[in-house]
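What the coordinates show
Chain by chain, the residues:
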Amino acid sequence: MSKVHFVGAGPGDKELITLRGYRLLSEADIVIYAGSLVNPELLEYCKEDCEIYNSAVMDLEEIISVMEEGVKAGKEVVRLQTGDFSIYGSIREQVEELNKCNIEFDCTPGVSSFLGASSAMGVEYTVPEVSQSVIITRMEGRTPVPSRESIESFAAHQTSMVIFLSVQEIEKVVERLVEGGYPTDTPAAVIYKATWPDEKVLKGTLSDISKKVRENGIKKTALIMVGKFLGEEYYNSKLYDKDFVHEYRG
Ligand SMILES: C[S@@+](CC[C@H](N)C(=O)[O-])C[C@H]1O[C@@H](n2cnc3c(N)ncnc32)[C@H](O)[C@@H]1O
């Protein structure tokens with residue numbers, strides 16, 4: 001029985017797809033890929049006669065109808081989404097429609113861009129005793145954000161934060177982070193197109209990151225990171241401490 005396979009494409013670099021994702025892509029009869037963000041080089045993994053659709057120019061109804069017709073014709077359909085589909089991936093509405101049509105699907109995760117970005121910088125979000133939580137959020141745009149999830153309210157925790165979909169309004173993000181409680185000397189970074197060949201990493205603090213973003217002309221496909229995890233202070237983990245005894249090391 002053929003199916004729809006949701007596959008996380010990873011953050012950009014075509015080698016950052018999972019082995020299963022690669023296999024599904026190479027076996028697919030139909031691929032619907034998110035053309036605004038997925039690296040088109042990933043389509044090189046497809047069969048020569050694979051039908052390829054760019055969802056950037058399609059609406060939900062069109063996407064579902066390609067899926068439905070494909071599966072009914074006994075074809076394997078891959079829905080290739082950027083990073084991992086569980087983060088700002090609009091997968092819920094697709095799944096709901098597939099359920100209504102009794103179309104089977106499965107999901108293969110991908111490397112989200114916030115993980116591609118931390119790898120690009122060689123940083124840990126959860127530095128012992130500095131920060132043990134990561135907040136993933138965005139500022140409202142055309143998509144609203146519930147008021148109880150304001151940037152200010154999250155900033156009050158002063159933990160590690162990764163802000164998606166908001167670099168075009170960096171000044172406003174910074175203002176709200178500071179209003180919420182981060183001191184202006186808190187380390188901040190902006191990563192543009194993490195893991196792509198034209199990746200850019202800008203490092204600074206809340207007082208100068210906006211200027212750096214404007215100077216570099218970054219308006220989209222970037223993440224804002226903020227928090228002390230980017231700073232100089234760190235403590236070693238207990239896990240590799242020679243005096244720390246645990247189950248695997250007596
Ligand atoms: C619609 S969201 C999709 C996120 C995706 N599902 C993920 O897991 O990364 C698009 C936003 O993700 C971020 N993004 C996606 N790919 C990126 C990359 N390679 N580098 C930096 N930011 C990226 C940007 O904030 C962009 O505006």
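These numbers come from a predicted model, not from an experiment.

1. Section: the sheet that holds strand 1 (residues 4–8)
- On the basis of which strands lie adjacent, the open sheet formed by 5 strands has the order 3-2-4-1-5 and parallel pairing. Looking at the sheet topology across the chains shown, the edges are occupied by strand 3 (51–54) and strand 5 (105–108). Pairwise comparison of adjacent strand axes, ignoring direction, gives a mean angle of 20° for this sheet.
- Pairing of strand 2 (residues 30–33) with strand 4 (residues 77–81), which is carried by 4 bridges, proceeds in the parallel orientation. The residue of strand 4 that forms the bridge with I32 is R79.
- On the sheet, helix 3 (residues 91–100) packs against strand 1, strand 4 and strand 5 and is oriented at approximately 170° with respect to strand 1.

2. Thoughts on the site of the ligand
- Near the ligand you find 18 residues, and of these I87, S112, S113, A194 and A222 are the closest.
- Backbone polar atom of I87 to a nitrogen atom of the ligand: 2.7 Å apart, as the coordinates give it.
- Burial of the ligand by the protein amounts to 91% of the accessible area it has alone, namely 570 Å².
- Two domains each donate at least three residues to the shell around the ligand, and these are domain 1 (4–108) and domain 2 (113–230).

3. As for the nonpolar core
- In terms of nonpolar packing, the biggest core is built from 23 residues, with M161, L177 and V190 touching the most fellow members.
- Every element with two or more residues in this core is listed here: helix 5 (151–155), strand 7 (160–164), helix 6 (170–180), strand 8 (187–192), helix 7 (209–215) and strand 10 (222–226).
- In terms of residue count, helix 6 provides more of this core than any other element does, 4 residues in total.
- A9, L24, A34 and L43 belong to the second largest nonpolar core, which has 17 residues in total.

4. Section: the UniProt feature "domain: Tetrapyrrole methylase" (unreviewed entry) in the protein chain
- This chain's UniProt record puts "domain: Tetrapyrrole methylase" (unreviewed entry) on residues 3–209.
- Taken end to end, residues 3–209 comprises 28% helix and 21% strand; its first and last C-alpha atoms sit 45 Å apart.

5. What to know about unusual backbone geometry
- For K193, which is not glycine, the phi dihedral falls at a positive 45°.
- With respect to the element layout, K193 can be found in the loop between strand 8 and strand 9 (200–205).
- Of note, the phi angle at T221 is positive, near 50°, even though the residue is not glycine.
- Using a relative accessible area of 33% as the deciding quantity, one classes T221 as partly exposed.

6. So, the environment of T108
- Its location among the elements puts T108 in strand 5.
- We classify T108 as buried; its relative accessible area is 2%.
- Sequence-wise, T108 and D49 are 59 residues apart; in three dimensions their C-alpha atoms are separated by 23 Å.

7. Here's the deal with the packing of aromatic side chains
- Under the defined criterion, the tally for this structure stands at 6 aromatic pairs.
- Where F114 meets Y125, the ring centres are 5.9 Å apart and the plane angle is 40°; that geometry is what we call tilted. A residue pair is termed long-range when its members are at least 10 positions apart, and F114 in helix 4 (residues 113–121) and Y125 in the loop between helix 4 and strand 6 (134–138) qualify at 11 residues.
- F114 gets classed as buried once you look at its relative accessible area, which sits at 14%.
- Judged by centre distance (5.2 Å) and plane angle (50°), the ring pair of Y125 and F229 falls under tilted. Residue Y125 is located in the loop between helix 4 and strand 6, and its partner F229 is located in the segment after strand 10; the two are separated by 104 residues in the primary sequence.
- Y125 gets classed as buried once you look at its relative accessible area, which sits at 8%.
- Exposure remark for F229: the relative accessible area of 5% places this residue in the buried category.
- Chaining the aromatic ring pairs together yields one cluster made of F6, F85 and F105.
- Directly above the ring of W196 sits K193, whose terminal nitrogen or CZ lies 4.2 Å from the centroid.

Here is what the cut-offs are and how they apply
Residues numbered from 1 in each chain as written. Predicted model: local features only at pLDDT ≥ 70, side-chain atom pairs only at ≥ 80, totals over all residues. Heavy atoms only, no water. Pairing = 2+ DSSP bridges. Helix = DSSP H or I, 4+ residues; strand = E, 2+ residues; numbered from the N terminus. Axes fitted to C-alpha atoms, helices over the stretch in contact; angles between N-to-C directions. Contact = heavy atoms within 4.5 Å. Near = heavy atom within 4 Å. Polar contact = N/O pair within 3.5 Å; in protein donor to acceptor, adjacent residues only side chain to side chain. Areas by Shrake-Rupley, 256 points an atom, 1.4 Å probe, with all protein chains shown as cover. Domains from an automatic or database assignment. Core = buried A, V, L, I, M, F, W, Y, C linked by side-chain atoms within 4.5 Å. Buried < 20%, exposed > 50% of the residue type's maximum accessible area, 1.4 Å probe, protein only. UniProt positions renumbered as here; feature names shortened; annotations may be inferred. Phe/Tyr/Trp six-rings, centres within 6.5 Å; stacked < 30°, edge-to-face > 60°. Lys NZ or Arg CZ within 6 Å of the ring centre and 35° of its normal.

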